[in-house]
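Overview (structure and organization)
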Amino acid sequence: MDTQKTILAFALAVVIFLLFQAWQEQNAPKSATPAAVTHSMTASRIPSTATATSPAVASPLTTPADTGFQPATGPAVPFQTQVFAGRITLNGGDIQHLGLRHYPQAVDNPAPYPILDTAAARLTVQQSGFVSGDGQTLIPQFTAPAHLKADDQPIVLSGKAGPLTVTKTWVFQPASYVAEERITITNSGSAPWGGSYFDQILRNDRTESHLFMSIFTGAVLMHGGSFSEQSFGDIRDHPVLKAGPGWAGMMDHYFLTAILPPVHAQTEVYARPSGTNYVAGVSTPLPTLAPGQSTTITQQLFLGPKRQQTLAAMGRGLEQTVDYGWFAIIAEPMHVVLTWFHGLVGNWGLAIVLLVIVVKFIFFYPSAISYRSMANMRKLQPKLEKLKKEIGDDRQKLGAAMMELYRSEKINPMAGCLPIVLQMPFFIALYWVLVESVSLRQAPFILWIRDLAIPDPYYILPLLMGVSMFFQQRLNPAPVDPMQKRIMSALPVIFAVFFSFFPAGLVLYWLTNNVVSIGQQYLITRHIMAAKD
């Protein structure tokens, strides 16, 4: 195998990788139709009472079936912290809208990103309530607090749910994406009451469209120390119900909503359809309460960005929601180094450039071997052309003669393969770092590059990368085979087109890699070509 065939093999590997990503995206579960989602939004959630006429709903403890839960409607209590701006509905006491103040919706839209929203297109809401022993669902109805809280002070709601008197307290820390809810219930009826408390995230089936990118969107469950992802299609076909300590939530590209009961709480985690939507949640059994008896449960919600360091510090396995794909063992340290460089220079684009220099330093020796091999083969080019003229179109005979010439000149054409093969995992690993890392979401570089996580809007970086590939090819020995020569000449154009769909940060990485490689290869080639035979 010569160097040209190796480069062709590398190009084929990249194309196969892209096609595989596109196939995964194409075969992802399809979203519910807009009409179906709109229909589901029209019905309000009706509370159950001791004499309620609302339909019975199967308990999450026993039957993970279609509940048809709808988002709550009615008055809400606004609140704001350093990181949140949201509203808590009085129908259930749940967070129905929540914007992340430090994460704009888009580069040109500074409004907080709505991680929880009742809008049909972005439906994601928290829902909670009680399930009695006979399977009835009780949704507490609260009254507005007499005095709205000041920022960062608890919100205390009081209300009723059937025979239960309920007090729900929301506690928000100033700069934390963790919200704590404390629920105190008192049996105000005349008979003992037993049941469970459920807390869940309801979400519609929407997927984010990223060409050549397969981004998981769906439910995430932690049960018995085992983490799992449940796509909406899987949930529809096989609802999940698991008893034991754990947590549950919903995940999209950059953000996570998760229900976190106490670590050792004997709960049940579940994921199941809910009408045209889906829910993932936690059910906590409650002790049987005699008339007048009370009990309190406390749990947390994580509602924020998937920053791996923050999630890991919580100690609940939440960091596993950041998926760097096949080469996570490389991607994770790359992200650490990239973050460290960003702390030094304050620009993610410059951090990528510095990362390239580190990777090139790691591969300096194998790259040097490759470039020396290419330079020697280029020096051998006149003899190869002479063989081509003497032998003609007999490919088998020409190949044997070329290998004999390589042996006599002590040149190993396989040496050109090594750096390409070694750097492919780094290329894929950085791809996933750029796709998965919320740190690079809307991260600017210079001038027209305002978001390194999306393609270059003006295709300037892909064009420059194609030009760099062209100049790099000029340093390599030309293929003897005319067909290979034509294919190699077209590769810069093909790669420029393909990379125009890639995140700008990845193209910047590859462009910088090419420029540094050209400098190293030029110096080695000039030295060898100037040497006497």
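Residues numbered from 1 in each chain as written. Predicted model: local features only at pLDDT ≥ 70, side-chain atom pairs only at ≥ 80, totals over all residues. Heavy atoms only, no water.

Let's talk about the overall build of the chain
For the chain, the count of helices and strands is 13 helices and 19 strands. Within the chain, the proportion of its 533 residues that are buried is 52%. For the chain, long-range pairs separated by at least 24 residues make up 69% of all intrachain contacts whose partners lie at least 6 apart in sequence. (Helix = DSSP H or I, 4+ residues; strand = E, 2+ residues; numbered from the N terminus. Buried < 20%, exposed > 50% of the residue type's maximum accessible area, 1.4 Å probe, protein only. Contact = heavy atoms within 4.5 Å.)

Considerations on the sheet that holds strand E16 (residues 255-260)
The 9 strands are arranged E7-E8-E9-E10-E19-E16-E15-E12-E13 in an open sheet whose pairing can be described as antiparallel. Among the strands making up the open sheet, the edge pair consists of strand E7 (141-143) and strand E13 (226-231). Pairs of neighbouring strands in the sheet enclose a mean axial angle of 20 degrees, with direction left out of account. Of the strand pairs in this sheet, strand E8 (residues 155-161) and strand E9 (residues 164-172) are connected by 7 bridges, and their pairing is antiparallel. Among the inter-strand pairings, Val 156 is bridged to a residue of E9, identified as Thr 169. (Pairing = 2+ DSSP bridges. Axes fitted to C-alpha atoms, helices over the stretch in contact; angles between N-to-C directions.)

Side note on unusual backbone geometry
Positioned with a positive phi, Gln 442 is a non-glycine residue whose angle comes to about 60 degrees. Secondary-structure assignment places Gln 442 in the loop between helix H10 (418-436) and helix H11 (460-474). Taking the relative accessible area as the measure of exposure, Gln 442 reaches 17% and is therefore buried.

Here's the deal with empty space enclosed by the protein
Taken as a whole, this structure holds 4 cavities of 30 Å³ or more when the rule is applied. Taken as a whole, the second largest cavity spans an internal volume of roughly 50 Å³. Around the second largest cavity, the lining residues are Ile 115, Thr 124, Arg 203, Met 250, Met 251, Asp 252, Phe 255, Leu 256 and Thr 257. Per-element tally for the lining of the second largest cavity: the top contributor is E16, with 3 residues. Along the lines of polarity and charge, the residues of the lining of the second largest cavity split into 5 nonpolar, 2 polar and 2 charged. (1 Å grid on protein atoms, 1.4 Å probe; cavity = no way out; pocket = protein on both sides within 12 Å on 5 of 7 lines; lining within 4 Å. Points joined across faces, edges and corners; volume = space filled by probe spheres on them. Nonpolar A, V, L, I, M, F, W, Y, C, P; charged D, E, K, R; others polar.)

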